[in-house]
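# Breakdown of the fold
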Amino acid sequence: MATPKTKDNLFLRRLPERPAARAPEALGAYPQVRMRRNRTDAWSRRLVAEARLAADDLVWPVFVQEAPGESAVAAMPGVVRYGLDTLIEAAGQAAEAGIPALALFPYYADDALKTADCAEAANPENLVCRAVRLLKENLPDLGVFCDVALDPYNSLGHDGLVADGCILNDETVEMLVRQSLAQAEAGCDVVAPSDMMDGRIGAIREGLDQAGFQDVKICAYSAKYASAFYGPFREAVGSGGALVGDKKTYQMDPANTDEALREVALDLQEGADMVMVKPGLPYLDVVRRVKDAFGVPTLVYNVSGEYAMLKAAAQQGWLDNDKVVMESLLAFKRAGADAILTYAAPEAAERLKAG
Ligand code: PBG
């Protein structure tokens, strides 16, 4: 028996796509509906929660240094760079707290290793490669991401090779392939190109496959914006002072989101296994569009400046650190991210564990 689709039969009427245009009657009307009923009890709030955050969603970005011990990063309270002697204990604790993977970034105090040809990036014995081997020997089940970009090794602080003030795309891509191969050889699980050169994902995939590294994953920093929120990171890796000019000729313009979809589409075509949006909190709209458009594993990078903002306000007593950190991370999940790179991963994982 066909149900007549009249105006009186609002629940059966196909609703227009835009939620704002939905007939209010179809969603219930006062006094029958009281939105606060589901919010009354902790159990019912838990039951109807749409987004959830788990330690499983976190990737911890970790800075490594040549010197033994630890050194602090001034603009990132609570974040330290680890020497290879202290790295394993810290990584072990993160694994213990349920964090699936960490992402390595090298700090080079020694300017002698920063050159115009960025040769150290592809040195199989460089700091990152040694850190990867150590991690894989001691904590084989902890995932390891390696950043693929030339900036820590570049005397000019750029992610690409520079000639006459221009960033050379294709020459840089060749170096990035060599850097990825050194990292794969060392045993990393994921190479994560953060450089924003054109065509690098396809070239890296081909290079890895030809060398027998079919199982090494690629996480593409696909929609990476030219952002001032990276400030504290550049101090942490020691590339800030070196940077000549800015990164606007390769990183994306903060005004654009259609362009982000195109970047993601290209990286997927070229073989990316996961894509990333970066920075995070000011770009949640981009996370949502990417997730909706492609439905692929979408990571978001809660970058150094975002971390620094919350820590600074918390140190002043202006914000409640624990609450704003957890709320921010949940916001990424609500926006559609599958995983979050965050310096707050260890503290968040501990809190999630404690319940
Ligand atoms: C460099 C790189 C940057 C970050 C990750 N990889 C900085 C940049 O592009 O200048 C930023 C991370 C952060 O701010 O936390 N390839």
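Everything below is about the structure printed above this text.
All values derive from a computational prediction rather than experimental measurement.

Conventions and cut-offs
Residues numbered from 1 in each chain as written. Predicted model: local features only at pLDDT ≥ 70, side-chain atom pairs only at ≥ 80, totals over all residues. Heavy atoms only, no water. Core = buried A, V, L, I, M, F, W, Y, C linked by side-chain atoms within 4.5 Å. Buried < 20%, exposed > 50% of the residue type's maximum accessible area, 1.4 Å probe, protein only. Helix = DSSP H or I, 4+ residues; strand = E, 2+ residues; numbered from the N terminus. Contact = heavy atoms within 4.5 Å. Salt bridge = Lys/Arg side-chain N within 4 Å of Asp/Glu carboxyl O.

### Side note on the nonpolar core
If you look at the biggest cluster of nonpolar residues, it comprises 110 residues, and the most contacted ones within it are Trp60, Phe63, Leu104, Leu135, Phe145 and Tyr301. Per-element tally for this core: the top contributor is helix α4 (residues 169–186), with seven residues. Setting aside its immediate chain neighbours within four residues, phenylalanine 145 contacts Val59, Ala101, Leu102, Ala103, Leu104, Val190, Ala192, Cys219, Met274 and Leu299.

### As for the pattern of salt bridges
Side chains that differ in sign of charge can pair as their charged atoms come close. Scanning the entire structure with this criterion turns up 18 salt bridges. Residues lysine 291 and aspartate 338 are paired through a salt bridge, measuring 2.8 Å at the closest nitrogen-oxygen approach. Placement of lysine 291 in helix α8 (residues 284–294) and of aspartate 338 in the loop between α10 (321–334) and β12 (339–342) is noted, with a sequence separation of 47 residues between them. Arginine 351 is the salt-bridge partner of glutamate 347, the closest N and O atoms lying 2.5 Å from each other. With glutamate 347 and arginine 351 both in helix α11 (residues 345–354), this residue pair falls four residues apart, about one helical turn. When its relative accessible area of 22% is taken as the criterion, arginine 351 is described as partly exposed. Here the residues in one salt-bridge network are Asp151, Asp159, Lys224 and Lys247, joined through shared partners.

### Some details on unusual backbone geometry
For the peptide bond that leads from lysine 278 to proline 279, omega is -5°, which places it in the cis range. Residues other than glycine seldom take positive phi values, yet cysteine 118 does so here, at roughly 55°. As for its placement among the helices and strands, cysteine 118 is situated in the loop between β4 (101–107) and α3 (127–138). We note that aspartate 164 has phi near 50°; this positive angle belongs to a residue other than glycine. For aspartate 164, the position within the fold is in the loop between β6 (161–163) and β7 (166–168). Look at aspartate 164 and you get exposed, because its relative accessible area is 82%.

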